[in-house]
Amino acid sequence: MCGIVGYTGPRQASRILVDGLKRLEYRGYDSAGIAVQVDGATGAPPVVIKRTGKIAELRQAVPKDMAGHCGMGHTRWATHGGVTGENAHPHTDASGKVAIVHNGIIENYMALKGMLEKQGVPFRSETDSEVIAHLVALNYEGDLEAALKASLKHLKGTYGIVCVHADEPGRIVGARNGSPLVVGVGDGEMLLASDVTAMLAHTKRVVYLNDGEVVTMLPHEFRISDGDERRVDPRIDHIAWELEAIEKEGFSCYMEKEIFEQPDSIERAISGRMDHENGCAKLGGLNLSKKELHGIERVRVIAAGTSWHAGLVGCQLLESVARIPAAAELASELRYRNPVLEPASLYFAVSQSGETADTLYAMREVRRRGGTVLGICNVVGSTIARESEGGVYVHSGPEIAVASTKAFTSQLAAFYLLALEFARMHDMSHHEGQRFLAALREVPAAVRKTLAVRDHVQALAKKYCRHADFLFLGRGILFPIALEGALKLKEISYIHAEGYASGEIKHGPIALVSPETPSVFLVPGDHLREKTISNMKEIKARGGPVIALADEDDELVASIADDFIGLPKVDPRFQPFTMVVPLQLFAYFCALELGRDVDQPRNLAKSVTVE
Ligand code: M6R
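Residues numbered from 1 in each chain as written. Predicted model: local features only at pLDDT ≥ 70, side-chain atom pairs only at ≥ 80, totals over all residues. Heavy atoms only, no water.

S.K.: So what's going on with the overall build of the protein? Which residues, and what values?
M.R.: Summing up its helical and strand segments, the protein has 20 helices and 27 strands in all. Whereas a compact globule of 611 residues would reach a radius of gyration of roughly 25 Å, the protein reaches 25 Å, a difference of no more than 12%. Expressed as lengths along the three principal axes of its C-alpha atoms, the size of the protein is roughly 80 × 55 × 45 Å. Per-residue burial for the protein yields a buried fraction of 61% across its 611 residues. For the protein, the proportion of contacts with a sequence separation of at least 24, taken over those separated by at least 6, is 71%. Of the roughly 22,700 Å² of accessible surface on the protein, 50% is carried by carbon and sulfur atoms. Computed over 67 positive and 78 negative side-chain charges, the inter-centroid distance for the protein is 1 Å. (Helix = DSSP H or I, 4+ residues; strand = E, 2+ residues; numbered from the N terminus. Rg over C-alpha atoms; globule rule 2.2 N^0.38 Å. Buried < 20%, exposed > 50% of the residue type's maximum accessible area, 1.4 Å probe, protein only. Contact = heavy atoms within 4.5 Å. Areas by Shrake-Rupley, 256 points an atom, 1.4 Å probe, with all protein chains shown as cover. Lys, Arg positive; Asp, Glu negative; His and termini not counted. Charge placed at Lys NZ, Arg CZ, Asp CG, Glu CD.)

S.K.: Would you mind going over the sheet that holds strand 11 (residues 205–208) in detail, with residue names and values included?
M.R.: With antiparallel pairing, the eight strands of this open sheet are ordered in space as 3-2-4-1-10-9-11-15. Of all strands in the sheet, those with a lone pairing partner are strand 3 (47–52) and strand 15 (237–238), marking the two edges. As paired strands, strand 11 and strand 15 are joined by two bridges and run antiparallel to one another. The residue bridging arginine 205 from the neighbouring strand is histidine 238, located in strand 15. Here helix 1 (residues 13–24) sits on the sheet and contacts strand 1 (3–8), strand 2 (31–36), strand 4 (70–76) and strand 10 (190–193); the angle it forms with strand 1, its principal contact strand, is near 155 degrees. (Pairing = 2+ DSSP bridges. Axes fitted to C-alpha atoms, helices over the stretch in contact; angles between N-to-C directions.)

S.K.: Provide a residue-level description of helix 13 (residues 406–425), including the pertinent values.
M.R.: If you check helix 13, its first and last C-alpha atoms are 29 Å apart, about what 20 residues at 1.5 Å a residue would give, namely 28 Å. Summarising burial for helix 13: 19 of the 20 residues are buried, a large majority. (Expected span 1.5 Å × (residues − 1).)

S.K.: For the packing of aromatic side chains, give the residues involved together with the corresponding values.
M.R.: All chains considered together, the criterion is met by eight aromatic pairs. Taking 5.1 Å as the distance between ring centres and 45 degrees as the angle between the ring planes, the aromatic pair formed by tyrosine 416 and phenylalanine 577 counts as tilted. You can see tyrosine 416 sitting in helix 13 and its partner phenylalanine 577 sitting in helix 20 (residues 575–593), a full 161 residues away along the chain. Both residues of the pair, tyrosine 416 and phenylalanine 577, count as buried. An aromatic cluster is defined as three or more aromatic residues linked by ring pairs; in this entry it consists of Tyr416, Phe436, Phe574 and Phe577. The ring of tyrosine 494 is capped by arginine 602, whose NZ or CZ atom sits 3.9 Å from the centre of that ring. (Phe/Tyr/Trp six-rings, centres within 6.5 Å; stacked < 30°, edge-to-face > 60°. Lys NZ or Arg CZ within 6 Å of the ring centre and 35° of its normal.)

S.K.: Now, about the environment of methionine 72: what can you tell me, with residues and values included?
M.R.: The residue methionine 72 is located in strand 4 in this model. Along the chain, methionine 72 and serine 14 lie 58 residues apart, while their C-alpha atoms are 8.3 Å from each other.

S.K.: Kindly report on the pattern of salt bridges, identifying the contributing residues and their values.
M.R.: This structure, assessed with the given rule, holds 41 salt bridges. Between lysine 606 and glutamate 399 there is a salt bridge, with its nearest N and O atoms 2.7 Å apart. With a gap of 207 residues between them, lysine 606 in the segment after helix 20 and glutamate 399 in the loop between strand 22 (391–393) and helix 13 connect regions that are remote in the sequence. We note a salt bridge from arginine 573 to glutamate 432, for which the minimum N-O separation is 3.4 Å. Residue arginine 573 is found in the loop between strand 27 (563–567) and helix 20, and its partner glutamate 432 is found in helix 14 (residues 430–441); the two are separated by 141 residues along the sequence. The network of salt bridges with common partners includes Arg176, Asp211, Arg364 and Glu387. (Salt bridge = Lys/Arg side-chain N within 4 Å of Asp/Glu carboxyl O.)

S.K.: Residue-level account of the pairing of strand 9 (residues 182–185), with values.
M.R.: Side chains Val182 and Gly184 project from strand 9 onto one buried face, and the interleaved Val183 and Val185 project onto a second face that is buried too. Hairpin remark: strand 9 followed by strand 10, antiparallel, with four residues in the connecting loop; positive phi at glycine 188, about 75 degrees. Where strand 9 lies against strand 11, three bridges are found, and the strand directions are antiparallel. Bridged to valine 183 within strand 11 is valine 207.

S.K.: Go over the packing of helix 9 (residues 305–320) against helix 13, please, and point to the residues and values.
M.R.: Between helix 9 and helix 13, whose axes approach to 9 Å, the crossing angle comes to 25 degrees. The angle between helix 9 and helix 13 falls in the class roughly parallel. As for how helix 9 packs across helix 13, the hand of that crossing is right-handed. For the pair helix 9 and helix 13, the contacting residues are Thr306, Ser307, His309, Ala310, Gly311, Val313, Gly314, Leu317 and Leu318 in the first and Phe408, Gln411, Leu412, Phe415, Tyr416, Leu418, Ala419 and Phe422 in the second. For the contact of helix 9 with helix 13, the class distribution of residues is 11 nonpolar, six polar and no charged. (Parallel < 35°, antiparallel > 145°, perpendicular 65-115°, else oblique. Left-handed = near helix turned anticlockwise from the far one by under 90°. Nonpolar A, V, L, I, M, F, W, Y, C, P; charged D, E, K, R; others polar.)

S.K.: Lay out the state of the cysteines with the relevant residues and their values.
M.R.: Tallied over the entire structure, the rule returns zero disulfides. Summary of cysteine pairing: cysteine 315 is not part of a disulfide, and the nearest cysteine sulfur, belonging to cysteine 377, is at 16 Å. (Disulfide = S-S within 2.5 Å.)

S.K.: Explain the sheet that holds strand 21 (residues 372–377) to me, and be specific about the residues and the numbers.
M.R.: Strand order in the open sheet formed by five strands is 19-18-20-21-22, with parallel pairing between adjacent strands. Of all the strands in the sheet, just strand 19 (326–330) and strand 22 have a single pairing partner and so form its edges. With strand direction ignored, the average angle separating the axes of adjacent strands in the sheet is 20 degrees. In the sheet, strand 18 (residues 298–303) pairs with strand 20 (residues 345–351) via five bridges, with the strands oriented parallel. Counterpart to arginine 300 in the pairing with strand 20 is tyrosine 347.

S.K.: Go over the site of the ligand, please, and point to the residues and values.
M.R.: In the vicinity of the ligand lie 13 residues, with Ser307, Ser351, Ser353, Thr356 and Glu491 positioned nearest. Within the side chain of serine 351, one N or O atom sits 2.6 Å away from an oxygen atom of the ligand. In isolation the ligand exposes 410 Å². Once the protein is present, 90% of that is buried. Secondary-structure elements contributing two or more residues to the shell around the ligand are helix 9 and helix 17 (479–493). With three residues, helix 9 is the single largest residue contributor to the shell around the ligand. (Near = heavy atom within 4 Å. Polar contact = N/O pair within 3.5 Å; in protein donor to acceptor, adjacent residues only side chain to side chain.)

S.K.: Let's hear about the domain arrangement of the protein: which residues, and what values?
M.R.: Splitting the protein by domain gives domain 1 (3–239), domain 2 (249–441) and domain 3 (452–599). Distance between the C-alpha centres of domain 1 and domain 2: 34 Å. Every contact between the two is made by 10 residues of domain 1 and, on the other side, 10 residues of domain 2. With both chains or domains summed, domain 1 and domain 2 bury close to 850 Å², and 49% of this area falls on carbon and sulfur atoms. Counting the contacts that link domain 1 with domain 2 gives one salt bridge. (Domains from an automatic or database assignment. Buried area = accessible area lost by both parts, 1.4 Å probe.)

Listed below in structure tokens is the structure:
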């Protein structure tokens with residue numbers, strides 16, 4: 001949720017911190033702050049500057065020539081305490097010598113705060129995080145690392161913490177438990193951040209901290225130790241992302257850019273993974289032998305939000321194409337409902353960020369019970385990816401907009417490959433496998449063609465965006481796409497939208513239909529087309545406006561609907577790819593029309609690292 005960045009080295013720290021926070025703004029954007037040590041003045045409290053609002057506010061407040069070569073910054077997504085300057089990070093102890101930033105939630109902070117207040121410690125904020133600064137100060141005897149480690153023993157909950165002390169110039173100490181922290185190894189400088197986008201402009205050499213680890217860094221060295229004081233040998237990974245991938249590159253916002261990247265990102269997700277000759281998939285990362293895969297009798301998907309929608313599509317495919325029973329579970333539900341783990345089941349944790357707390361904890365629960373969990377992740381080196389026993393990286397490249405778009409279609413691509421992998425082990429023939437692959441290979445081009453609906457969808461957004469309620473309706477494999485279309489509209493335009501199975505509307509939601517409530521129909525090109533057309537007529541008969549998406553040559557659908565979005569014809573099994581794109585565009589243009597902040601919608605954060 002929140003973003004953290006730390007820097008120690010020869011360059012002006014404030015600039016690197018504010019630029020890094022700008023890159024991390026998608027993780028939280030209600031307030032931000034930095035703390036920078038004063039050069040050559042051992043013992044002088046770090047200078048702290050905090051502002052509510054976007055990073056632009058903070059940037060304005062930070063003097064351009066601010067001195068100091070070591071410090072840290074934080075962009076906040078409020079959990080405990082409202083959006084105020086006092087609650088913004090960094091937090092300091094009473095003397096101001098200790099400064100900390102924190103991601104996560106300290107569950108026992110009330111008890112700790114009570115204990116500290118009894119000792120006369122004054123609190124300035126309503127946050128759970130401030131207790132950390134005071135604990136470190138109380139435990140400090142000339143060694144910041146030791147003081148932080150002693151303080152951690154009192155904390156219950158999750159944290160990524162970074163701290164500095166006035167008496168130790170140039171030193172940054174960080175600790176991780178449940179909230180990601182990555183060390184950036186530069187040339188005579190070190191960085192520490194909650195994700196790699198904050199450091200991509202400075203180094204591509206990184207070390208991912210594990211839970212329970214503490215890092216101490218100076219400009220030329222760093223040391224990692226675990227909870228038992230054992231030194232950890234760092235594994236330096238190389239980030240494959242290019243800096244341009246996190247620039248807007250001429251688009252008005254990241255969401256627009258990411259929607260238009262989809263032909264390429266889907267291509268990346270499937271390329272090198274199609275064995276045309278044998279009509280099967282090549283998924284080397286699953287880390288399961290053919291024999292083990294053959295023994296799998298059912299698949300379970302664990303995910304949240306848009307990733308769950310991809311899982312719902314994936315499960316329908318696994319059942320219809322591979323004849324494997326499959327179900328997608330909301331991670332936040334699975335963890336707490338004492339799930340039965342059936343034998344011969346394979347679990348997939350699906351997550352763009354690889355850091356979603358609900359998904360991570362559900363996956364740990366499954367593993368604790370002996371289940372096998374593979375990951376379908378975008379961010380390489382993320383916690384879910386590292387804790388999975390294998391899996392598929394979807395290679396969408398960095399997704400910055402809060403509303404997930406390209407990661408979704410890449411997750412779909414991974415599921416199509418998985419379905420093929422399983423299908424070819426069971427009933428699917430060589431020839432049928434080749435046909436399936438041929439259709440998959442066409443998807444990037446079909447999505448490119450679909451993007452041509454841009455102007456038409458923009459006009460529809462203008463026409464409809466003042467309506468307060470929408471229904472999104474789909475059947476079969478397009479039902480999850482209806483859910484996804486409704487989620488996209490809700491999260492960035494704040495228009496209320498319900499995703500429903502078209503066949504289900506007459507069981508209740510049809511009561512909502514009126515000239516004020518448009519219905520967006522996803523009309524499949526298969527045996528469900530006629531049933532869907534009947535559902536459209538039911539809505540029309542009750543005066544509800546209908547926007548229909550269907551094959552471009554579907555004249556009947558076009559004649560019934562008030563507005564029609566014609567899409568390139570693809571094998572109906574692959575329609576989720578082409579259907580979702582206009583829905584992403586519709587949400588985007590409605591949000592734009594209504595003057596919303598598309599990339600940073602209210603109340604949301606990109607990766608939800610708290611439960
Ligand atoms: O990073 P993840 O895929 O695990 O994130 C899961 C959800 O938080 C995420 O998909 C969320 O629903 C998006 N904002 C949807 O656009």
